[in-house]
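One-letter residues, chain by chain:
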Amino acid sequence: MSTAPAVVVDGLTKRYGDRTVVDGVSFEIGRGETFALLGPNGAGKSTTVEMLEGFRTPTGGSARVLGVDPRQGGRDWRSRIGVVLQSTGQAGALTVREILTHFARVFPASRDVDETIAAVGLTEHAKRRVGKLSGGQQRRVDVALGIIGRPEVLFLDEPTTGFDPQARRRFWQLIRDVASDGTTILLTTHYLDEAEQLADRAGIIAGGRLLALDAIDRIGGAEARTPIVRWADASGRQEVHTHEPAAVVRGLPGEPDELEIVRPRLEDIYLAMIDAEPADEGGGSAARETEEVAA
Amino acid sequence: MTATAVTDARQNIRPGHTLQTGVDRIRVELLQYMRRSDALVFTFLFPVLLYVIFASAFSAVDPMLIVGDEQVTQPQYYLPAMLAAGVFLSGVQNLGIEIAVERNDGTLQRLAATPLPVLAYCIGKLGQLVITSIVQAALLLAVAVLAFGIELPTEPERWLTLAWVFFLALVCFAVLGVVIAQLPRSVSSAAAVVIPVALALQFISGIFLPFAILPEWLQTIANAFPLAWVGHGFRSALLPDIARFLEVGEAWSLPMVAIVLGAWAVAGSVVAAVTFRWIKRG
């Protein structure tokens, strides 16, 4: 089998008039890898994914999915990819089993319908109409439809928006199972914990540009993961970025209030990165302060 | 290796895939149609209900035309009109709204992400239209015969006329439904865009009002559209021959029915093929 990357994106650009939505984005996703595209709303995540799915034509650059230009991808190519769109199509009048049975006939080498229903935890709802299910259950139907064709590459566009914590954890397990079958997964999300749980690598995108691209535990560079010591004293809250947190703590007088040592997680690194972007709505001013103290 | 075998199988769409998936689309479309109460009431039963109302309300009224011992009654006259309304509503109105909703709620985009051919989708819609329209027409004829004592023609030629006008009308209205489905920009506006157009055309095409009583300029406008000709064709098949005195020019003109419907079907197919989009433009 080919070891070429499943997805190759090179200088991908999408402009609407003079508005650049995706600006020279490049990345690769290896076979069997789970890759997360992270970014705030309007960052260009979905536009990027929709170009990879063949639904939008790039203004510039190139994209290859399984070696094929998505705009040229025919039915054979379609049968090898799975798509879970951001918005749910409401085939509400069909039951879970009816719609999955239909989609299973559309793909040439489909998974077993009942096994797939079981995999997404909907066995007891198999005979219910999709329109009568809860939002989270409908989303699981979307995922079932995305994997029924045994795709080699699966696109998941913000799959768990609106899930409760329990449903999200069940969903993560499902995606891990799909990934362990060797499926390449491209996941967009604005839940950082989701990316940490599922992805091998991630790209952070904002204002259409790729700000960082690395393994989940390395993204942002080693410096961004410098431990932080925080405490409070008479003059207010204090914060120090240091590679020797223990030494800093030993040097503190007495028992300071609210003492903690934290290692910046993906979310902190992400917020710092997004916040440094001038164009976007400034959300986390806390991250900016952190930088100032550190400087 | 098994992994390679699976990969190979995956890449191969078997021959006959379009036909097989098209037939499965018909099954799925029918299931959804039967479960959609708005489609059942406003498309499937509407012409039947309307016929019962018209035929009951006007049953005591004098016949529209008496020549010798032959006559054309109101319940007779409204039967072909409601048959035409049925085909028109199933095609232009129901398909138009249905496809517009499916395009705007993401259903079509989800289908586009699969190996389902556009042709199979069209087979599904056309199959749904043909099957529901035939059942609807049969129901309408049954109500007319059983409840209102309408006598149906016995000559095979008349049934042949009914059949070809019926199927040409189905094709014509199906492609026009696909075309009109491109107009609404949201799920909620689909019905609001499609229904007024459909309603206006029915009023000027001799469906609700006898065509002959309309002013000439309105007849001219209506005659540019296919619906008036479907009504004309159905009347020529189902009404006694004397009913031609109620037509413009006091004659049947079946060749014009074929020409106008054929022209609209061809033009509509071209426009439908050029403008059809799985997804709405962003």
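If you're wondering where the values come from, they're calculated on a predicted model, not measured in any experiment.

**Some details on the UniProt feature "transmembrane region" (unreviewed entry) in chain B**
All names here are of chain B.
- Under the feature "transmembrane region" (unreviewed entry), the UniProt entry names residues 39-61, 81-101, 129-150, 162-183, 190-213 and 256-279.
- Overall, residues 81-101 shows 100% helix and 0% strand. The separation of its end C-alpha atoms is 28 Å.
- Taken end to end, residues 129-150 has its terminal C-alpha atoms 26 Å apart, with 91% of it in helix and 0% in strand.

**What to know about the interface of chain B and chain A**
- The interface is formed by 33 residues belonging to chain B together with 34 residues belonging to chain A.
- The partner of B:Asp24 in a salt bridge is A:Arg105, and the shortest N-O contact between them spans 2.6 Å.
- Inspection of the chain B/chain A interface yields 12 residue pairs in polar contact (both at pLDDT 80 or more).
- The set of elements that each furnish at least two residues to the side of chain B that touches chain A consists of α1 (2-11), α2 (17-35) and α5 (107-112) of chain B.
- Sorting elements by how many residues they give to the side of chain B that touches chain A places α2(B) first, with 10 residues.
- Of the residues belonging to the side of chain B that touches chain A, the class tally is 13 nonpolar, 12 polar and eight charged.

**Some points on the pairing of strand β11 (residues 236-241) of chain A**
Residue and element names in this part refer to chain A.
- Across six bridges, strand β10 (residues 228-233) lies against β11 in antiparallel orientation. Across the sheet, the residue bridging to aspartate 233 is glycine 236, located in β11.
- The hairpin formed by β10 and β11 contains two residues between the paired strands.

**With respect to the packing of aromatic side chains**
- According to the stated counting rule, one finds 14 aromatic pairs over all chains in the structure shown.
- Each ring, one from B:Phe88 and one from B:Phe173, has its centre 5.2 Å from the other, and the planes form 80°; the classification is edge-to-face. Remark: B:Phe173 occurs in helix α7 (residues 156-180) and B:Phe88 occurs in helix α4 (residues 74-104); sequence separation between them is 85 residues. Per residue, the accessibility class of B:Phe88 equals that of B:Phe173, and both read buried.
- Seen from their ring centres, B:Phe203 and B:Phe208 are 4.7 Å apart, and the 65° between their planes marks the pair as edge-to-face.
- Classification of B:Phe203 as partly exposed rests on a relative accessible area of 40%.
- For B:Phe208, a relative accessible area of 10% corresponds to the buried category.
- One aromatic cluster is present, formed by B:Phe54, B:Phe58, B:Tyr77, B:Tyr78, B:Phe203 and B:Phe208 through successive ring pairs.
- Over the aromatic face of A:Tyr191 sits the side chain of A:Arg168, whose NZ or CZ is 4.0 Å from the ring centroid.

**Looking at helix α9 (residues 216-223) of chain B**
Residue and element names in this part refer to chain B.
- All buried positions along α9 are accounted for by Leu218, Gln219 and Ala222. Looking down the long axis of α9, one finds its buried residues gathered within 100° of arc, a one-sided arrangement. When the buried face of α9 is taken as reference, the exposed residues oriented beyond 90 degrees from it are Glu216, Trp217 and Thr220.

**Comments concerning the UniProt feature "domain: ABC transmembrane type-2" (unreviewed entry) in chain B**
- UniProt records the feature "domain: ABC transmembrane type-2" (unreviewed entry) at residues 38-269 of chain B, using the numbering of this structure.
- Secondary structure content for residues 38-269 of chain B is 72% helix and 3% strand, while the C-alpha to C-alpha distance between its ends is 27 Å.

**Focus on the sheet that holds strand β4 (residues 60-65) of chain A**
Residues and elements named next belong to chain A.
- Reading across from one edge, β2-β1-β4 is the order of the three strands in this open sheet, with antiparallel pairing throughout. At either end of the open sheet lies a strand with only one pairing partner, and these are β2 (19-29) and β4. Across the sheet, the mean angle from the axis of one strand to that of its neighbour is 20°, orientation sign disregarded.
- When strand β1 (residues 7-16) meets β4, the two strands line up antiparallel, connected through five bridges. The partner of aspartate 10 across the bridge, within β4, is serine 62.
- Sitting on the sheet, helix α1 (residues 45-52) is in contact with β1, β2 and β4, with an inclination near 120° to β1.

**Quick word on the environment of A:Gly61**
All names here are of chain A.
- Within the secondary structure, glycine 61 is located in strand β4.
- For glycine 61 and isoleucine 175, which are 114 residues apart along the polypeptide, the C-alpha to C-alpha distance reads 30 Å.
- Those residues in contact with glycine 61 that sit more than four places away from it in its chain are Asp10, Gly11 and Leu12.

**Points about a nonpolar patch on the surface**
All names here are of chain B.
- Among the surface-exposed residues, Ile195, Leu199, Phe203, Leu209 and Ile213 lie close enough to one another that they form a single nonpolar patch of about 430 Å² accessible area.
- Within the secondary structure, isoleucine 195 is located in helix α8 (residues 189-204).
- Taking the relative accessible area as the measure of exposure, isoleucine 195 reaches 34% and is therefore partly exposed.

**What to know about the sheet that holds β10(A)**
All names here are of chain A.
- The strand order across the open sheet formed by three strands is β11-β10-β12, and the pairing between neighbours is antiparallel. The strands lining the two open edges of the sheet, one partner per strand, are β11 and β12 (257-262). The sheet shows a mean angle of 15° between the axes of neighbouring strands, taken without regard to direction.

**Describing the pairing of strand β3 (residues 34-38) of chain A**
Residues and elements named next belong to chain A.
- Counting buried positions over the five residues of β3 gives five, a clear majority of the element.
- Of the two faces of β3, the one carrying Thr34, Ala36 and Leu38 and the one carrying Phe35 and Leu37 are both buried.
- Taken together, the five bridges between β3 and strand β7 (residues 184-189) define a ladder with parallel strand orientation. Bridging from a neighbouring strand, threonine 34 pairs with isoleucine 185 of β7.

What counts and what doesn't
Every chain is numbered independently, its residues counted from 1 as its sequence is written. The lettering of chains begins at A and the numbering of ligands begins at 1, in the order of writing. Totals for whole chains, interfaces and linings use every residue, but because this is a predicted model, local features are given only for residues with pLDDT of at least 70 and side-chain atom pairs only at 80 or more, for both listing and counting. Each side-chain value is derived from all of the structure's non-hydrogen atoms; neither hydrogens nor water enter the calculation. UniProt positions are given in the numbering used here, feature names are shortened, and annotations may be inferred rather than shown by experiment. Put simply, DSSP H or I for four residues or longer makes a helix, DSSP E for two residues or longer makes a strand, and each gets a number counted from the N terminus. By definition in these notes, contact holds between two residues if any of their heavy atoms fall within 4.5 Å. We define a salt bridge as a side-chain nitrogen of Lys or Arg found within 4 Å of a carboxyl oxygen belonging to Asp or Glu. Two N or O atoms form a polar contact when they lie within 3.5 Å of each other; inside protein one atom must be a possible hydrogen donor and the other a possible acceptor, and for residues adjacent in sequence the pair counts only when both atoms belong to side chains. Polar here means any residue other than Ala, Val, Leu, Ile, Met, Phe, Trp, Tyr, Cys and Pro, which are nonpolar, and Asp, Glu, Lys and Arg, which are charged; Gly is therefore polar. Paired strands, as defined in this entry, are two strands with at least two bridges between them according to DSSP. Between 30 and 60 degrees the pair is tilted, below 30 it is stacked and above 60 it is edge-to-face, where a pair is any two Phe, Tyr or Trp rings, Trp via its six-membered ring, whose centres lie within 6.5 Å. Three exposure classes are used, based on accessible area relative to the maximum for each residue type with a 1.4 Å probe and protein chains only: buried under 20%, partly exposed in between, and exposed over 50%. Counting as a charge over the ring demands two things of the Lys NZ or Arg CZ atom: a distance within 6 Å of the ring centre and an angle within 35 degrees of the ring normal. Of all possible arcs, the one meant is that of the directions from the helix axis to the C-beta atoms. Between N-to-C directions, angles cover 0 to 180 degrees, with each direction set by a line fitted to C-alpha atoms, over the stretch in contact for helices. Residues qualify for a patch when their relative accessible area is over 30% and they have no salt bridge, like charges being joined within 9 Å and the nonpolar side chains of Val, Leu, Ile, Met, Phe, Trp and Tyr within 5 Å. For accessible areas, the Shrake-Rupley method is used with a probe of radius 1.4 Å. Any residue's cover is judged against the shown protein chains and nothing else.

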